[in-house]
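Examining the three-dimensional arrangement
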Amino acid sequence: MLTKPMEKLAENGDAILKAVDKLIYLENSGVVDKLVDMSRAVLAKKRLPEEFIDKDVQEVATRNLEFLLTLALSVDDEIVATVENVLEAFKKIKEFEPAGIVEALKYLRDADVQYALGFLLAFAKNLGQKIR
């Protein structure tokens with residue numbers, strides 16, 4: 001009775017370990033809690049009277065939930081770290097001055113600005129290829 005399941009486990013051991021690693025990461029990063037909260041919201045929505053929810057709202061909610069689940073399961077540590085770095089950089093910006101071309105050229109001497117610009121240009125190129 002246990003032979004078949006054990007054979008399947010042995011055949012797919014690497015895939016199972018990768019899936020468990022992703023699940024552990026999603027749990028530790030709080031994504032699982034967010035998904036549970038969204039699921040509760042969807043279940044609460046289903047309990048509302050039908051006259052409050054039309055087909056368009058249901059379709060949008062379903063698409064968004066599917067997108068978020070796909071996104072949560074496809075992210076890796078490097079992507080999460082990059083997004084966290086971008087968010088931290090935004091948080092540090094409390095005040096800024098308008099800058100013209102002369103100020104921009106002065107900023108280009110800064111190694112951090114050069115590195116960030118390289119990142120943004122690489123992102124723009126990859127995004128352009130995807131949305132073409």
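A few points on the structure. (Residues numbered from 1 in each chain as written. Predicted model: local features only at pLDDT ≥ 70, side-chain atom pairs only at ≥ 80, totals over all residues. Heavy atoms only, no water.)

1. Quick word on the pattern of salt bridges
Across all of its chains, the model carries one salt bridge by this definition. E88 serves as the salt-bridge partner of K91, at 3.5 Å between the closest nitrogen and oxygen. Separated by three residues within a single helix, K91 and E88 lie in helix α5 (residues 77–92), roughly one turn from each other. On the basis of relative accessible area, K91 is assigned to the exposed category, the value being 54%. (Salt bridge = Lys/Arg side-chain N within 4 Å of Asp/Glu carboxyl O. Helix = DSSP H or I, 4+ residues; strand = E, 2+ residues; numbered from the N terminus. Buried < 20%, exposed > 50% of the residue type's maximum accessible area, 1.4 Å probe, protein only.)

2. Observations regarding the layout of surface pockets
Empty space within the largest pocket amounts to approximately 780 Å³. Along the wall of the largest pocket there are 16 residues; nearest its centre are N85, A89, D112, A116 and L120. Residue assignment for the lining of the largest pocket shows that the elements contributing at least two residues are α5 and α7 (111–131). The element that contributes the greatest number of residues to the lining of the largest pocket is α7, accounting for seven residues. Classifying every residue of the lining of the largest pocket by side-chain character gives 11 nonpolar, two polar and three charged. (1 Å grid on protein atoms, 1.4 Å probe; cavity = no way out; pocket = protein on both sides within 12 Å on 5 of 7 lines; lining within 4 Å. Points joined across faces, edges and corners; volume = space filled by probe spheres on them. Nonpolar A, V, L, I, M, F, W, Y, C, P; charged D, E, K, R; others polar.)

3. So, a nonpolar patch on the surface
Where nonpolar side chains cluster on the molecular surface, the patch consists of V86, F90, I93, F96, F119, L120, F123, L127 and I131 and spans about 960 Å² of accessible area. Counting only elements with at least two residues in the nonpolar patch, the list comes to α5 and α7. With five residues, α7 is the largest single contributor of residues to the nonpolar patch. With respect to the secondary-structure elements, I93 resides in the loop between α5 and α6 (101–107). A residue is classified by how much of its surface remains accessible, and I93, at 47% relative accessible area, is partly exposed. (Patch = residues over 30% accessible without salt bridge, like charges linked within 9 Å, V, L, I, M, F, W, Y side chains within 5 Å. Areas by Shrake-Rupley, 256 points an atom, 1.4 Å probe, with all protein chains shown as cover.)

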